[in-house]
Amino acid sequence: MKEKVVLFTLDDISIESFREIFRDIVRIKEKAGLKAIERNPPDLLERAKLYAVRYRNGSLGWTSNIWHRSEGGTVVIEREEDLKPVHKVLMLRVLEHILAQGPLIQVDAKIAAGTRAEMKCRLFCDPQFPDIAYRWQQLNFPYEPAEGEEPDVEIFHIPHYLDNPPLNGGELLKVLRFPHHNYTIITCSSYQGETKKGFLSHWIFHVYKKGGTGEHASLKEFTVVRADGKEKRVRMCVWGLTGSGKSTHGLYIFNEQNAPLFKEQFGVDVLSLVKDQVIKNDDIVAIFEDCVICPERGSWTKTEDVDERQVAIYRAALSPRALHENTEFDEEGNPCFEGKLFQYHGKPNRNARSNLMLEDTGYFDGSIVSSGPLNMAVFISPGYLTDYAWVRIADAAFAAKVLADGRTVGHPAQGKEGVGAEKYASRYCLPFTMGVGNAAHVIRFYEFLKKWEASGNPVEVYLINTTGRVGAEYEWVTAEINGEKMEVPRPKFKEENGRVKPVGGTGPSIEETELFLLQAARGAVEYKPHPIWGEKVLVPVSVEGLPAERLKELDPFTYRTMEEMRSLLRVQIKISKMHLDKQCPGLPPEIYNAMDF
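So, here is what we can say about the structure in this document. It should be emphasised that the depicted structure is a prediction, and the values quoted were computed from it without experimental measurement. (Residues numbered from 1 in each chain as written. Predicted model: local features only at pLDDT ≥ 70, side-chain atom pairs only at ≥ 80, totals over all residues. Heavy atoms only, no water.)

Focus on the pairing of strand E30 (residues 484–491)
Now for step 1: Two elements, strand E29 (residues 474–481) and E30, share eight bridges in a ladder whose sense is antiparallel. Across the sheet, residue Ile481 finds its bridge partner in E30, namely Glu484.
Now for step 2: Taking the residues between adjacent antiparallel strands as the criterion, E29 and E30 are bridged by two residues, where Asn482 takes a positive phi near 50°. (Pairing = 2+ DSSP bridges. Helix = DSSP H or I, 4+ residues; strand = E, 2+ residues; numbered from the N terminus.)

Observations concerning the packing of aromatic side chains
Now for step 1: If you walk through the whole model with that rule in mind, you get 28 aromatic pairs.
Now for step 2: For the pair Phe254 and Phe262, a centre-to-centre distance of 5.2 Å together with 70° between the ring planes defines the contact as edge-to-face.
Now for step 3: On the numbers, 6.0 Å between centres and 80° between planes, the contact of Phe329 with Phe342 is edge-to-face. Linking Phe329 in strand E19 (residues 328–329) with Phe342 in the loop between strand E20 (335–336) and strand E21 (343–344), this pair joins segments that are 13 residues apart in sequence.
Now for step 4: Aromatic ring contacts, followed pair by pair, group Phe18, Phe22, Phe124, Phe156, Phe178 and Tyr183 into a single cluster.
Now for step 5: Sitting above the plane of the Phe288 ring, Arg116 keeps its charged end 4.7 Å from the centroid. (Phe/Tyr/Trp six-rings, centres within 6.5 Å; stacked < 30°, edge-to-face > 60°. Lys NZ or Arg CZ within 6 Å of the ring centre and 35° of its normal.)

Describing the environment of Thr242
Now for step 1: Its location among the elements puts Thr242 in the loop between strand E13 (231–239) and helix H6 (246–250).
Now for step 2: Residue class for Thr242 comes out buried when judged on its relative accessible area of 11%.
Now for step 3: Separated by 167 residues in sequence, Thr242 and Val409 place their C-alpha atoms 9.7 Å apart. (Buried < 20%, exposed > 50% of the residue type's maximum accessible area, 1.4 Å probe, protein only.)

Describing the sheet that holds strand E23 (residues 353–357)
Now for step 1: The sheet built from five strands is open, its strands ordered E2-E3-E18-E23-E17 with mixed pairing. Each of the sheet's edge strands pairs with one partner strand only, and the pair in question is strand E2 (53–54) and strand E17 (298–302).
Now for step 2: Inspection of the sheet shows strand E3 (residues 60–62) paired to strand E18 (residues 323–325) by three bridges, in the parallel sense. Bridge assignment links Trp62 to a residue of E18, and that residue is Glu325.
Now for step 3: On the sheet, helix H4 (residues 130–139) packs against E3, E17, E18 and E23 and is oriented at approximately 125° with respect to E18. (Contact = heavy atoms within 4.5 Å. Axes fitted to C-alpha atoms, helices over the stretch in contact; angles between N-to-C directions.)

Some words on empty space enclosed by the protein
Now for step 1: Across all of its chains, the model carries four cavities of 30 Å³ or more by this definition.
Now for step 2: Empty space within the largest cavity amounts to approximately 220 Å³.
Now for step 3: Elements with a contribution of two residues or more to the lining of the largest cavity: strand E25 (390–393), helix H9 (396–405), strand E28 (460–464) and helix H13 (562–583).
Now for step 4: In terms of residue count, the dominant contributor to the lining of the largest cavity is H9 (three residues). (1 Å grid on protein atoms, 1.4 Å probe; cavity = no way out; pocket = protein on both sides within 12 Å on 5 of 7 lines; lining within 4 Å. Points joined across faces, edges and corners; volume = space filled by probe spheres on them.)

Here it is in structure tokens:
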């Protein structure tokens, strides 16, 4: 009788050994005459179609078991000594499952193909989820590795529940990232965003090592006729967390369909002011001193509430080539983005998403590299208490502080908890930054800002409030932040039709924000110094097309006294530093203290 062979035990598991054991499993299966891996199978789409929603317009859709990313269940492990027993347990379970499971699907693709930021990627996916492999591969660039060629990064995506162990906070451990060992393990969730963001997390680190900074931002280009009659090519990145409006404004296009809205509402002929609009990317970009590079040929875009006014997204989302996730259907059986049919945990679904081919927007020129260096940066920080609708940031250190903060509000696409509440996600990039800390990226971006300014080509930086409210009602409460109890202002909320909304105040419409950004790019906005921050932050006092009464409604000082605003800002700055100490340690004083007054 042959002696039983134990392939691996918990004691055998390490960061280095995981892939070695995986390859041992592959060899053992193949030696036994079993297929261990299906390498870039040509019938991937046909497999995925077996359980797809087939919309009447010809497009396909799937549903994930978790409808948002698993931020709380994600850990980054940089060193062997940081590998804890709970991590090893999950790694063991993944290997045991792979050993028992049928052949894994392997797909290869390139990110940022043909650029200095190119990264070769390989996904190993559980065979029961061919749609994840197919959809991710479609987002990226084709790559057929040579015999024996190794990728830069690997991801193992096993969406099953594998007796996942709980972390200290009680949430199940789902995702393990190893930045210095170039692989990630994803379990429990069949949300395609886990694979996409997994590779892009590695790419952000890859970009940093190439001399750039990887940012959670979109990129588009357009030419404006400035107020002085001269033309200017604008290369604009828009930063923001999921649900904040990054895709809405990053992919916004003016055309014959929505131009009448601007004429009717504001008396502005936008098509006489802008031309040659090009969409490059809507999610993660690599910013270098001389250009911006995008990683993908498609986009994974949140599509709820999208309508005909958002021309580019709407057109691509209704293309037969769009690949949908958690997306409802209308009475005719076509994709629907109204958010009135599907629900998640008893509330209206607010994370319908679609893989869009950028060329289906009608505004992609085929290039994923900008025509020159960044010259317009827009940070989206929704807020309720101290924010104007829009401001221009005139100080580089202050701009770097805004980026470092990543202040925003919670959205259902980020998780079930904390919807509507203020949160800080440094660089709008948590939990995607690894390998080096957020401060390293912030400092590099700050250095770029100073270099661009010194060269006579400064970047115009704006801070906009999209899904927040100006002048919302609030109350003072006792809260615990990073273990410290303090009195903080908390906006008042109400629930309407399953959606959490702030009480009181007003917010800019999509069209108002787009008009401001267009006029700002044209130099057709007049400003005054911020009442508290002075010349560091410039407040609009005149925007061509917007009445003065509306600008007053979008000014927080309309609703707050000077003393009240100073009190609110002091607490905001204190809270931001508490989060920076944890999320972004190592900032130089001129950035860390840039908002002090």
